[in-house]
Amino acid sequence: MKIKLILLPLILLISGVLIISPGCGDDDDADNDDDDDTDDDANDDADDNEFPQEACDQFENGEVEQKGVVESFDDVFSEDYHADLDTPVEATLPDNAESYIHFPVYQSGEYVVFLDTADVFGAVYDRNGDEASASGGIANGMCEDVLADHYHVGGVEYDGDGESPVPYVIKFAAVSTQTVRFIIKYYDE
């Protein structure tokens with residue numbers, strides 16, 4: 001009987017703590033932490049959508065530059081074969097021959113090449129001919145009817161003098177003669 005009397009207050013005390021505990025742990029800060037995570041996720045989603053939407057807007061509304069491509073890597077560094085960043089570019093690819101155009105790199109990081117035509121992208125190279133890492137080959141989900149393909153080019157290294165850009169080169173695949181439009185953007189993560 002003595003044990004039961006000692007255990008009963010202990011059981012009630014523990015039960016009272018357990019009953020009260022959920023209410024004590026359920027304060028405003030805990031709720032805000034969960035909401036903040038949800039808000040952060042929503043902001044991340046918005047940020048994730050902002051970049052491809054910007055590419056769509058620039059591609060559809062920007063003034064298109066007509067540029068040439070060249071079939072020799074060694075000849076690509078002329079102004080005639082230069083594509084500016086954030087500007088829609090239109091070029092006619094030669095019949096069944098790889099071709100090249102270069103773009104300026106002002107800072108190290110990741111660049112994205114958005115194209116209106118699938119299966120024409122070949123690779124990206126630095127000015128020494130070393131291939132950069134590219135992944136993708138899928139439509140821009142924000143405007144897939146306009147930008148049918150895009151590639152993320154990672155590990156792009158700026159090794160210039162700090163004032164002038166360095167050229168990186170896009171190689172187009174050997175396809176039948178066709179006109180393609182594309183836009184190149186720096187991806188500021």
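To start, this report covers the structure provided alongside it.

Rules of the game
Residues numbered from 1 in each chain as written. Predicted model: local features only at pLDDT ≥ 70, side-chain atom pairs only at ≥ 80, totals over all residues. Heavy atoms only, no water. Disulfide = S-S within 2.5 Å. Helix = DSSP H or I, 4+ residues; strand = E, 2+ residues; numbered from the N terminus. Core = buried A, V, L, I, M, F, W, Y, C linked by side-chain atoms within 4.5 Å. Buried < 20%, exposed > 50% of the residue type's maximum accessible area, 1.4 Å probe, protein only. Polar contact = N/O pair within 3.5 Å; in protein donor to acceptor, adjacent residues only side chain to side chain. Contact = heavy atoms within 4.5 Å. Pairing = 2+ DSSP bridges.

What follows covers the state of the cysteines. Under the definition given, this model contains 1 disulfide. Two residues share a disulfide in this structure: Cys-56 and Cys-143, whose sulfurs sit 2.0 Å from each other. Across the S-S bond of Cys-56 and Cys-143 the torsion is about -90°, and the bridge reads as left-handed. In this pair, Cys-56 is assigned in helix H2 (residues 28-61) and Cys-143 in the loop between strand E6 (133-138) and strand E7 (149-156), connecting sequence segments 87 residues apart.

On to the nonpolar core, then. The biggest cluster of nonpolar side chains holds 28 residues, and the ones touching the most others in it are Phe-103, Ile-170, Phe-172 and Phe-182. Contributions of two or more residues to this core are made by strand E2 (89-93), strand E3 (99-105), strand E4 (109-115), strand E5 (121-126), E7, strand E8 (166-172) and strand E9 (178-187). The element best represented in this core is E8, accounting for 4 residues. The next biggest cluster of nonpolar side chains, apart from the first, holds 10 residues, and it includes Phe-59, Phe-114, Cys-143 and Ile-183.

A word on the side chain of His-150. Of note, His-150 is situated in strand E7. A distance of 2.9 Å separates a polar atom in the side chain of His-150 from the backbone oxygen of Ile-138. Residues in contact with His-150, not counting those within four places in the same chain, are Val-112, Val-113, Phe-114, Ser-135, Gly-136, Gly-137, Ile-138, Ala-139 and Asn-140.

What the 6 strands build is an open sheet, ordered E1-E2-E9-E4-E7-E6; its pairing is mixed. Edge positions in the sheet fall to strand E1 (65-66) and E6, since each has one partner strand and no second. Across 2 bridges, the pairing between E1 and E2 is parallel. Across the sheet, residue Glu-65 finds its bridge partner in E2, namely Val-89.

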